[in-house]
Amino acid sequence: MRDHELVRRFLLGELRETKTERVEKRLLEDDVFFDLCEAVEAELLEAAARGELAPAERDRVLKRLASSPQGRARLALARGLAELADGKTRTEPLPAPLPFRRRAALTARPAVRWAIAAGLLVLLGGTGTWVLFHPGDGDRIVQQEPAQKTTGGEHLKIIKHKKGGAPASTTPVEDETPPPPPPPRDRDRIVKQTEPEKPAVDVKPVIFELSLLTRRSGEELTQIEKIQIPSGTEHIELHVDVTFADSSSYDVVVMRGDEEIFRESHLEPTSKDDRGPFLVFDLPASDLPAGRYRVDVYGKSADGNQERIKSGEIEVTEGG
Amino acid sequence: MTPEELDALLASLHPDREQAAEMYETIRRKLIRLFEWRGCESPEDLTDETFNRVARRLSEGVEVRSSNFGYFYGVAHLVYKEVRRRAAREQRALEGGEWPPRQPEEEPEDDRRLACLRRCLDQLPPDQKNLLLRYHQGESNIRNRKDLSRELGIPINALRIRVHRVRRKLESCVRDCLGR
């Protein structure tokens, strides 16, 4: 794994404990590696500030890197730098760029113009609604409005009107000519091409029923449940039966290593069909990478104290 | 840490006291970050605790067999594990009671922060300021950065590090400015 990818995964908490420790040792010993790690951290914060990360990844970045006061200060610095660099709050012109051989403006190249036009066509076909009015054309009002909404994105249809009449046709008609490319904002920037909205996929989570032991004091854990998360799984649910417990709510704590709290959640039991109460611990599959964990369930005992009522070890593998 | 313990600690880092002090600062800064990346609440305190323990052991005559860094890391890791255990117990105790939510610390307003950032940027040498602004310009700026690394004739990671060292100076300046 390249260093950049390694430190990125380290910062996002995606490495196993042994690998994390190796990275940490190297960070202490290797100044260049350490600087790279801080640089990647700054890039992650900037991407989060710009809204360039997927929601789950953004949440993870903010939680891991920007929840402390120092982290929030770094995030604010990243945001401020991005704003100043983009000229959004600039009151004076940007200083002359570094001396380098100037190339022709990107948008002057025909290939780039066609790429921009194609990107805009895709953008028109895949997103939003708007109304165009052609004042010189009395026979036709070209109206683009959303068709029946599908599971993802909206389709456009052009309704042709005859004078005074009902719409002649509602069959979808593609745009005839692509709009001209926008004027160049900056010679050295490439216009971002927006991809069409992908249809939403109904993703059902993969469910694992954990048969954790009901703990008695001093009882040793002997059983390790193996969980294999199929490739491509997005969400998983861990179900824990609490039929014989009395609590109205529980704390589920997933530990990694000796004492490292990896994930935790406060849950209320749910019931379904004839099934007794059980807990549903819902999390993205990426939040439970391969490795061994201990799962503890805490509830309130009869005398009102918090106690561990169930416990078990699980071994998570990926694939299949 | 007593003066004798500090002397033993510095001596273990380097025979030259000035270089030893530099190493001390480097290790200290790195440990603070490692504790931060582990999600610890008081990284400076934990780092000080690490140093105190190392200094105490050295002054007691404990021989360090592994490299200095390895030894510091080992002690820091133990400190971290103790903190996690304590935090887990406290968390369970907190959830049992009805405690008022923790008040967030007051933070400087965006305007003041931006003003400090501008001032500090202007204090940088022009080539460093240009480099920093160019590096951070534009959305999805990976391509921009690759172009920049090509123009400067250095690999992308070297560019990252170079920019980061300038940014670190900026960060320190902004921190001082906000602290006034």
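Rules used throughout
- Residues numbered from 1 in each chain as written.
- Chains lettered and ligands numbered in written order.
- Predicted model: local features only at pLDDT ≥ 70, side-chain atom pairs only at ≥ 80, totals over all residues.
- Heavy atoms only, no water.
- Helix = DSSP H or I, 4+ residues; strand = E, 2+ residues; numbered from the N terminus.
- Buried < 20%, exposed > 50% of the residue type's maximum accessible area, 1.4 Å probe, protein only.
- Contact = heavy atoms within 4.5 Å.
- Areas by Shrake-Rupley, 256 points an atom, 1.4 Å probe, with all protein chains shown as cover.
- Polar contact = N/O pair within 3.5 Å; in protein donor to acceptor, adjacent residues only side chain to side chain.
- Salt bridge = Lys/Arg side-chain N within 4 Å of Asp/Glu carboxyl O.
- Buried area = accessible area lost by both parts, 1.4 Å probe.
- Nonpolar A, V, L, I, M, F, W, Y, C, P; charged D, E, K, R; others polar.

**With respect to the overall build of chain A**
For chain A, the count of helices and strands is six helices and 14 strands. Of all 320 residues assigned to chain A, the portion counted as buried reaches 35%. When contacts within chain A are restricted to residue pairs at least 6 apart in sequence, those whose partners lie at least 24 apart make up 58%. Total accessible area on chain A stands at roughly 18900 Å², and carbon and sulfur atoms take up 52% of it.

**Concerning the side chain of Glu41(A)**
Examined against the element boundaries, Glu41(A) turns out to sit in helix H3 (residues 31–50). There is a polar contact of 3.0 Å between the side chain of Glu41(A) and the side chain of Trp37(B). Not counting residues within four places of it along the chain, the set of residues in contact with Glu41(A) comprises Leu11(A), Leu65(A), Arg74(A), Arg33(B) and Trp37(B).

**Examining the pattern of salt bridges**
Counted according to the given criterion, the structure contains 35 salt bridges over all chains. Salt-bridge contacts for Asp35(A) lead to Arg165(B); the nearest nitrogen and oxygen are separated by 2.5 Å. Linking Asp35(A) in helix H3 with Arg165(B) in helix H8 (residues 156–179), this pair reaches from one chain into another. A residue is classified by how much of its surface remains accessible, and Arg165(B), at 40% relative accessible area, is partly exposed. Among the salt bridges present, the one from Arg53(B) reaches Glu82(B), with a minimum N-O distance of 2.9 Å. Placement of the pair is Arg53(B) in helix H3 (residues 43–59) and Glu82(B) in helix H4 (residues 68–96), with a sequence separation of 29 residues. The exposure class assigned to Arg53(B) is buried, which follows from its relative accessible area of 17%. For Glu82(B), a relative accessible area of 30% gives the class partly exposed.

**Side note on the environment of Glu14(A)**
Residue and element names in this part refer to chain A. Its location among the elements puts Glu-14 in the loop between helix H1 (3–11) and helix H2 (17–29). According to the relative accessible area criterion, Glu-14 is partly exposed, its value standing at 26%. The spatial distance from the C-alpha of Glu-14 to the C-alpha of Leu-288 is 8.9 Å, given a sequence separation of 274 residues. Setting aside chain neighbours within four positions, we find Glu-14 in contact with Arg-9 and Arg-60. Of note is the side chain of Glu-14, whose polar atom sits 3.1 Å from the side chain of Arg-60.

**Regarding the interface of chain A and chain B**
Taken residue by residue, the interface counts 64 residues in chain A and 64 residues in chain B. Summing both sides of the interface, chain A and chain B together bury roughly 5900 Å²; the carbon and sulfur share of this comes to 56%. Among the ionic pairs, Glu17(A) bridges to Arg38(B), the shortest N-O distance being 2.9 Å. Remark: the boundary between chain A and chain B carries 24 residue pairs in polar contact (both at pLDDT 80 or more). Put simply, the parts of the chain that give the side of chain A that touches chain B at least two residues each are H1, H2, H3, helix H4 (55–65), helix H5 (69–86) and strand E10 (260–267) of chain A. Here the side of chain A that touches chain B is composed, by residue class, of 28 nonpolar, six polar and 30 charged.

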